[in-house]
Amino acid sequence: MSASTDNVVDELRWYRGRNTLSSSVMRVCFFDINYRLYDVESDIMAKQLPKAYDFSKNEKKIYQWWEEKGFFKPKNDPNKPGFDKNKKPFVIAIPPPNVTGELHLGHPVFVSLEDLMIRYHRMKGEPTLWIPGSDHAGIATQLQVEKMLAEQGINRADIGREKFLEHAWLWKEKYGGIITQQIRRLGASCDWDRERFTLDEGLSKAVREAFVRLYEKGLIYRGPRMINWSPGLKTAVSDLEVEYSQEPGTLYYFKYMLSDSEGSFIPVATTRPETILGDTAVAVHPEDERYKDLIGKKVVVPMLGREIPVVADEYVEQEFGTGALKITPGHDPHDYEIGERHNLPLINILNKDATINENGGLYQGLDRFECRQKIWADMKQAGLVIKEEPYILNVPRSQRGGEIIEPLVSTQWFVSIKPLADAALKSVKDGEIRIVPERFTKVYYNWMENIRDWCISRQLWWGHRIPVWYCDDCREMTVEREDPSVCVHCGSANIRQDEDVLDTWFSSGLWPFSCLGWPDETADYQYFYPTSVLETGYDILFFWVSRMIMDGLEFTGKIPFDTVYLHGMVRDENGQKMSKTKDNVIDPLIVMDELGTDALRFTLLVGSTPGNDMNISVQKIESNRNFANKLWNAGRFIIGALEKAPAQAAQAPQWSLADSWIWARMKQLVGAVEQLFQNYQFGEAGRQIYEFFWSEFADWYLEISKIQLEAGGDQAYYTAYTLVRVLDTVLRLLHPFTPFVTEALWGHLKENCQNDFKDFAPQGGWEEALIVARWPDESSLEGGEEEKIADFNLVQDIIRAIRNIRSEYKVGPNKKIAAIVLPGDKKDVVTGQLEAICSLAGIDSAKLEIKSTLGQQAEEMISLVVAPVEIYLPMAGLINKEAELERLTKELEEAESQITRLQKLLQSPFAKKAPAEVVAKEREKLDVYEETASKLRIQLGKD
Ligand SMILES: [Zn+2]
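Residues numbered from 1 in each chain as written. Predicted model: local features only at pLDDT ≥ 70, side-chain atom pairs only at ≥ 80, totals over all residues. Heavy atoms only, no water.

A. Main features of the overall build of the protein chain. Looking only at helices and strands, the protein chain features 30 helices and 29 strands. With the principal axes as the frame, the protein chain shows a C-alpha extent of 110 × 70 × 55 Å. Looking at the protein chain as a whole, 55% of its 943 residues are labelled buried. Counting contacts in the protein chain only where the partners sit at least 6 residues apart, residues at least 24 apart contribute 77% of the total. Accessible area for the protein chain stands at about 42,400 Å²; split by element, carbon and sulfur atoms hold 48% of it. Both charge centroids of the protein chain, one from 111 positive and one from 142 negative side chains, sit 2 Å from each other. (Helix = DSSP H or I, 4+ residues; strand = E, 2+ residues; numbered from the N terminus. Buried < 20%, exposed > 50% of the residue type's maximum accessible area, 1.4 Å probe, protein only. Contact = heavy atoms within 4.5 Å. Areas by Shrake-Rupley, 256 points an atom, 1.4 Å probe, with all protein chains shown as cover. Lys, Arg positive; Asp, Glu negative; His and termini not counted. Charge placed at Lys NZ, Arg CZ, Asp CG, Glu CD.)

B. Region of interest: the coordination of the zinc ion. Around the zinc ion, the protein contributes the donor atoms Cys471 (SG), Cys474 (SG), Cys487 (SG) and Cys490 (SG), which lie 2.3 Å from the metal centre. Coordination at the zinc ion comes from four donor atoms whose angles at the metal span 103 to 113 degrees, giving a geometry best classed as tetrahedral. Donor residues for the zinc ion, ordered by position in the chain, follow C-x2-C-x12-C-x2-C. Residue classification places cysteine 490 among the partly exposed residues on the basis of a relative accessible area of 40%. (Donors = N, O, S within 2.8 Å, 3.2 Å for Na, K, Ca; no water. Tetrahedral: all angles 85-135°; square planar, octahedral: opposite > 155°, others 65-115°.)

C. The confidence of the model for the protein chain, seen in detail. Chain-level pLDDT for the protein chain is 88 on average; 94% of the residues reach the 70-or-more range. The low-confidence segment residues 1-9 (pLDDT under 50) makes nine contacts with residues lying over four places distant or belonging to another chain. Confidence over residues 16-39 falls short of pLDDT 50; this stretch has 41 contacts with residues more than four positions distant or in other chains. (pLDDT = per-residue confidence, 0-100.)

D. Quick peek at the environment of serine 416. Mapping serine 416 onto the fold places it in the loop between strand S14 (406-415) and helix H12 (418-429). Among the residues examined, serine 416 registers a relative accessible area of 18% and is labelled buried. Spatially, the C-alpha atoms of serine 416 and valine 533 are 27 Å apart, while their sequence positions differ by 117 residues. Once you skip the residues sitting within four places of it in the chain, serine 416 turns out to touch Gly218, Leu219, Tyr221 and Asp453.

E. Geometry of the side chain of aspartate 503. Structurally, the position occupied by aspartate 503 is in the loop between strand S21 (501-502) and helix H14 (504-508). Note on aspartate 503: relative accessible area 3%, which makes it buried. At 3.3 Å, the side chain of aspartate 503 and the side chain of arginine 458 are in polar contact. In this structure aspartate 503 touches Trp454, Cys455, Ile456, Arg458 and Arg547, once residues within four positions along its chain are discounted. (Polar contact = N/O pair within 3.5 Å; in protein donor to acceptor, adjacent residues only side chain to side chain.)

F. Broad picture of the environment of arginine 290. Mapped onto the elements, arginine 290 comes out in the loop between strand S9 (281-284) and strand S10 (298-300). The sequence separation of arginine 290 and glutamine 318 amounts to 28 residues, and the corresponding C-alpha distance is 9.6 Å. Discounting chain neighbours no more than four positions away, the residues touching arginine 290 are Gln318, Thr322 and Gly323. A polar atom in the side chain of arginine 290 sits 2.9 Å from the side chain of aspartate 288. A polar atom in the side chain of arginine 290 sits 3.0 Å from the backbone oxygen of glutamine 318.

G. Quick peek at the packing of aromatic side chains. Taken as a whole and judged by the stated rule, the model has 57 aromatic pairs. With 6.4 Å between their ring centres and 85 degrees between their planes, phenylalanine 254 and tryptophan 376 make a pair best called edge-to-face. In this pair, phenylalanine 254 is assigned in strand S7 (residues 242-257) and tryptophan 376 in helix H11 (residues 368-381), connecting sequence segments 122 residues apart. Residue phenylalanine 254 shares its accessibility class with tryptophan 376, and that shared class is buried. (Phe/Tyr/Trp six-rings, centres within 6.5 Å; stacked < 30°, edge-to-face > 60°.)

H. Region of the structure containing the pattern of salt bridges. Summed over all chains, the structure comprises 60 salt bridges. Note that glutamate 166 is salt-bridged to lysine 163, the shortest N-O span being 3.2 Å. One end of the pair, glutamate 166, and the other, lysine 163, are both in helix H7 (residues 156-175), three residues apart, so they sit about a helical turn from each other. On the basis of relative accessibility, which here comes to 42%, the residue lysine 163 falls in the partly exposed class. For the salt bridge of glutamate 684 with arginine 687, the shortest nitrogen-to-oxygen distance reads 3.1 Å. In this pair, glutamate 684 and arginine 687 are both assigned in helix H22 (residues 682-710), three residues apart and thus about one turn of the helix distant. Judged by its relative accessible area of 27%, glutamate 684 is partly exposed. Under the relative-accessibility criterion, arginine 687 is labelled partly exposed at 32%. Through salt bridges that share partners, Lys73, Asp77, Lys80, Asp191, Asp193, Arg194 and Asp524 make up one connected network. (Salt bridge = Lys/Arg side-chain N within 4 Å of Asp/Glu carboxyl O.)

I. Here's a closer look at helix H20 (residues 618-641). Taking 1.5 Å per residue, 24 residues should reach 34 Å; H20 reaches 35 Å between its end C-alpha atoms and fits that length. What H20 keeps buried is the set Ile621, Asn624, Phe627, Ala628, Leu631, Trp632, Ala634, Gly635, Ile638, Ile639 and Ala641. Against the buried residues of H20 lie helix H18 (588-595), helix H19 (597-606), H22, helix H23 (713-734) and helix H24 (739-753). (Expected span 1.5 Å × (residues − 1).)

J. Quick look at the sheet that holds strand S18 (residues 468-471). Strand order in the open sheet made by the three strands is S19-S18-S20, with antiparallel pairing throughout. Of all strands in the sheet, those bounded by a partner on one side alone are strand S19 (477-479) and strand S20 (495-497). The sheet shows a mean angle of 30 degrees between the axes of neighbouring strands, direction not considered. Taken together, the three bridges between S18 and S19 define a ladder with antiparallel strand orientation. Each bridged residue has a counterpart across the sheet, and for valine 468 the counterpart in S19 is valine 479. (Pairing = 2+ DSSP bridges. Axes fitted to C-alpha atoms, helices over the stretch in contact; angles between N-to-C directions.)

K. Local environment of the nonpolar core. Phe211, Tyr444, Phe506, Phe697 and Leu873 are the most contacted members of the largest nonpolar core, which has 206 residues in total. Examining the composition of this core, we find that 13 residues originate from one element, H22, more than from any other. In terms of nonpolar packing, the next biggest core, distinct from the first, is built from 35 residues, Tyr256, Leu277, Tyr291 and Ile347 among them. (Core = buried A, V, L, I, M, F, W, Y, C linked by side-chain atoms within 4.5 Å.)

L. Region of the structure containing the sheet that holds S7. Taken in spatial order, the three strands line up as S8-S7-S13 in an open sheet, and their pairing is antiparallel. In the strand order of this sheet, the two ends are held by strand S8 (265-270) and strand S13 (385-398), each with one partner. Between one strand and the next, the sheet's axes are offset by a mean angle of 20 degrees, whatever the strand orientation. In terms of strand pairing, S7 meets S13 through 13 bridges, oriented antiparallel. The residue bridging phenylalanine 254 from the neighbouring strand is valine 385, located in S13. Here H11 sits on the sheet and contacts S7 and S13; the angle it forms with S13, its principal contact strand, is near 165 degrees.

M. Structural view of unusual backbone geometry. Omega for the bond connecting tryptophan 518 with proline 519 falls within 30 degrees of zero, at 15 degrees, which places this linkage in the cis form. Mapped onto the secondary structure, proline 519 falls in the loop between helix H15 (511-514) and helix H16 (523-528). Of note in this structure, alanine 137 is not a glycine but carries a positive phi near 50 degrees. Tracing the backbone through its elements, the reader meets alanine 137 in the loop between strand S3 (133-134) and helix H6 (138-151). Given a relative accessible area of 5%, alanine 137 falls into the buried group. The phi dihedral of arginine 475 is positive, around 70 degrees, even though this residue is not glycine. Here arginine 475 shows up in the loop between S18 and S19. For arginine 475, a relative accessible area of 65% puts it in the exposed group.

N. Region of interest: helix H27 (residues 834-841). Taken as a whole, H27 has its buried residues at Ala836, Ile837, Cys838, Leu840 and Ala841. In this structure, the buried residues of H27 make contact with H22, helix H25 (785-808), helix H26 (827-832) and strand S27 (843-850).

Dropping the structure here:
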């Protein structure tokens, strides 16, 4: 198959998915024209294993193969024959990324976590569905399209709504797929045939249904309320779209003159003098001695001459500023509330573009900031100014446009949120919905208890247009599921649809059920809803999660999911927020190009704990690329080891200590990982698998297996068997973390085992692919594992102790040394492992003596204590007696300090509260340290 132009475009999207062809994209493009897609199965699953794992060659091919094979689809599909409705599915609805989105590190975080959960449940054999989609992203998309049109010299006002929307849809068709392509590249095993868009036909129907139902219940109303106004975008924006920044500004002190007493005034301070034009009161605290007598009197608004009352309100802090507040109900949310309490008039002084309107008297027509300067200068002349001082302001800026947001009162559509919030609060309080981590439950309660009515109208064109028609004749409103042609009240055809669209969150609040077909009772909706887990960042718990819970309960009568998993934010290695200005942003596309998707995923997953921010560096990702390489090399070694093993065993297995140890440790690992997965501790699970694979299996078992394979016969056979079974299990456990390298390696492993080593197959046989292979079962321990593990740990400690001495004395790696070992009561263990000890610690087996006592202590011997074993290394000429004495003294000190610590611990309340086996373990440790200390004392001649 040759690469057509379409394929190249497709390639581009996979690799970079940029809107524009940057030079790096051109490079990829050039490279990829020569790329041929050949049969994946004959390639990644060949017997021959390439020397190194080439992620750039494998990732895309493997992903396409998974998708073509239909592995991302639920195994139990309600639209297909043989469906069993009694099987409980595991379902996640993806947090739909903005259709304008470009991949940043936030995407790989949620994609990795959700894909991990999906892959785990799929491997457990559950019908699993992950529904993908994207959000139409009102403001963001409208701005992108406006920008594109501006480049062509087109203004949206000139072409009108309909034409503009045509352009917007064309833009969506062209660029809307980029973000989902990038999400594919992260390995997301979504069912792409079920992909949805929040503005598609079905979802628009859902939005219409939801709006009309709320309206009919009286839960939607139109009226003047305080909202965030973006003068640049000329629309209301949500709190989430407002970012606060600390900026230097000025605090202006001035005089509110009393109307009836010549020369008396109340001192007031403001950071926004232009809002004086909208003042309708001055408020003081009712107990404030300074102003008590003035309550109820009138003051005069500077430059306008309007008289306004002095009111008493407990909201005013006496100690803050002058203790008197100017009240502008039209332009400050707190003042708005005070205004409501005191029935104050509400004056809007701003036009939509933030110039001063007719209420501003002689300042009408001025820009808000010009007005600020002008009114202050005029007040100075009029003798109304007290002073100015520098002040740090908390400035609300638009997340999109960057301009300063104005709080103002505007006529908008609102949802009466209280009845919805009460039900949503209850579902979490009753434990129907669990929030992980639990501490966010309190945050949720706090928000839901203090929730305000939700402003849902936006002055945009791109979005769900509000389904309300106004009648020019009878002035009534028509609110319908289908577009009406006449007024339902008077039958007049003179009706106009509301110009505004709905807040993007209105449609995303319906996502968990609208994406499955609601309001239609589709087979998908009936089977897959409610979904299982909603996974997202803690920053949108309120904006999104709470709205889905409210909407789910209101419209479907069911909770939309039973678990909310919240992840933290990604920060740089020093814990700083990543930002372009700090130049500390890690671009996931570059990381995937250079280090592979698995390395990125593994880093993000092991770095994660529910709800906590994580620090990420390129170095960390690099070291996890090395982990993938280590895995590959271990796989190569194991597949190579098969050549040393006979195809059949002659007898039943006789496990070596190392075999028994690795089997026992593997069983423990499977059990621990299962527990951690069930508690959403995915990061810790990943760390334990990593440690097991690297520090136990690769560092120890693989080394000892070399000796066992050399023995040939049954021992080689059972060693190869153990290697294959452990690697197979590790690959299964790792698959949800690093799906690509594990799938590739597993394919090779299977190919090499399934014909020649039939008994090496997992229970139930080799599956078609790792992605659909069975998750390892927790097998019960057979008993005696603890002892095997302890014995093997002793062997490890002996080898480590000798290695440490060798490195301290700079003995070259190939130089074999002599040793005398006093094994104490561990003679069986030590003699059984002599070969391993000699090989791994560099001991010359011909010069190794096992004794029960040392007898005459030879000169120039180094002694080591690995209780109960003592080791003597005759290293003539290498020893510095003083240094040796110092080393032993240090070891004794260390042992003694451990003894003191453990004795304290065992006498503390801990010993009474902790489980018996934990206490017993600590006691054992104490015994070992005491034995070590006593042996060291003998060697130092202290006893
Ligand atoms: Zn009418």
